[in-house]
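As a plain string of letters, each chain reads:
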Amino acid sequence: MALDAWLTVITGTWIVYPWYRAPAPDSPRSKILASEATRLWHTLGMEWKEHVGWLTPLLATAVAFVVFYYGPRLAYEPRVRQALLVLFTLAFITAGIAGLFGAFLNKVAPIT
């Protein structure tokens with residue numbers, strides 16, 4: 001999951017996001033910011049996707065590192081396993097919220 005999260009965030013940040021943020025008046029960002037009713041989608045949705053969405057690969061990588069580093073010794077460390085479960089759950093939650101915002105933003109102003 002960590003590798004998939006990194007590929008998704010990097011692809012979204014440097015391949016898809018520039019189309020959204022294009023300076024043209026018909027870009028998705030311009031369309032969203034043009035209406036007071038949809039301005040919040042940019043403010044909340046894109047800020048989440050731009051910044052908080054990066055937590056997903058960071059958290060997943062931290063969990064993967066600890067699992068590979070400690071391996072079978074984790075069977076004897078219930079508190080560490082519980083902490084890893086919390087971190088991995090947070091990674092899934094941040095990914096899910098970013099995905100939902102992406103779907104909603106694409107409905108409001110699709111990237112064509």
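Residues numbered from 1 in each chain as written. Predicted model: local features only at pLDDT ≥ 70, side-chain atom pairs only at ≥ 80, totals over all residues. Heavy atoms only, no water.

(A) Fine view of the packing of helix H4 (residues 55-70) against helix H5 (residues 78-108). Interaxial distance between H4 and H5 falls to 8 Å at its minimum, and their mutual angle equals 155°. Viewed along their axes, H4 and H5 adopt a mutual orientation that is roughly antiparallel. The handedness of the crossing between H4 and H5 is left-handed. Residues Leu55, Thr56, Leu59, Ala60, Val63, Val66 and Val67 of H4 touch H5, and the partners they reach there are Val80, Leu84, Leu87, Phe88, Leu90, Ala91, Thr94 and Ala95. Within the contact of H4 with H5, the residues separate by chemical class into 13 nonpolar, two polar and no charged. (Axes fitted to C-alpha atoms, helices over the stretch in contact; angles between N-to-C directions. Helix = DSSP H or I, 4+ residues; strand = E, 2+ residues; numbered from the N terminus. Parallel < 35°, antiparallel > 145°, perpendicular 65-115°, else oblique. Left-handed = near helix turned anticlockwise from the far one by under 90°. Contact = heavy atoms within 4.5 Å. Nonpolar A, V, L, I, M, F, W, Y, C, P; charged D, E, K, R; others polar.)

(B) Molecular detail of the packing of aromatic side chains. Taken as a whole, this structure holds eight aromatic pairs when the rule is applied. Summarising the aromatic geometry, the rings of Phe65 and Tyr69 are spaced 5.6 Å apart at their centres and angled 20° between planes, so their arrangement reads as stacked. Of this pair, Phe65 and Tyr69 both sit in helix H4, separated by four residues, roughly a single helical turn. Accessibility assignment for this pair places Phe65 and Tyr69 in one class, exposed. Ring geometry for Tyr69 versus Tyr70: centroids 5.0 Å apart, planes at 80°, classification edge-to-face. Residue Tyr70 is classed as partly exposed on the basis of its relative accessible area, which comes to 37%. Through pairs of rings, three or more aromatic residues link up here, namely Trp6, Trp14 and Trp54. (Phe/Tyr/Trp six-rings, centres within 6.5 Å; stacked < 30°, edge-to-face > 60°. Buried < 20%, exposed > 50% of the residue type's maximum accessible area, 1.4 Å probe, protein only.)

(C) Fine view of H4. Compared with an ideal rise of 1.5 Å per residue, which puts 16 residues at 22 Å, H4 spans 22 Å between its outermost C-alpha atoms and is within 8% of the ideal. Within the span of H4, buried status applies to Thr56, Pro57, Leu59, Ala60, Val63 and Val66. Elements in contact with the buried residues of H4: helix H1 (2-20) and H5. Of the residues one or two after H4, Gly71 is the one with positive phi, at around 50°. (Expected span 1.5 Å × (residues − 1).)

(D) Seen up close, the packing of helix H3 (residues 39-50) against H5. Relative orientation of the contacting elements H3 and H5 amounts to 140°, with a least axis distance of 9 Å. Considering the angle they form, H3 stands oblique to H5. At the point where H3 passes H5, the crossing takes the left-handed sense. For the pair formed by H3 and H5, the contact residues are Trp41, His42, Leu44, Gly45, Met46, Trp48 and Lys49 on the first element and Thr94, Ile97, Ala98, Phe101, Gly102, Phe104, Leu105 and Val108 on the second. Here the contact of H3 with H5 is built from residues that sort into ten nonpolar, four polar and one charged.

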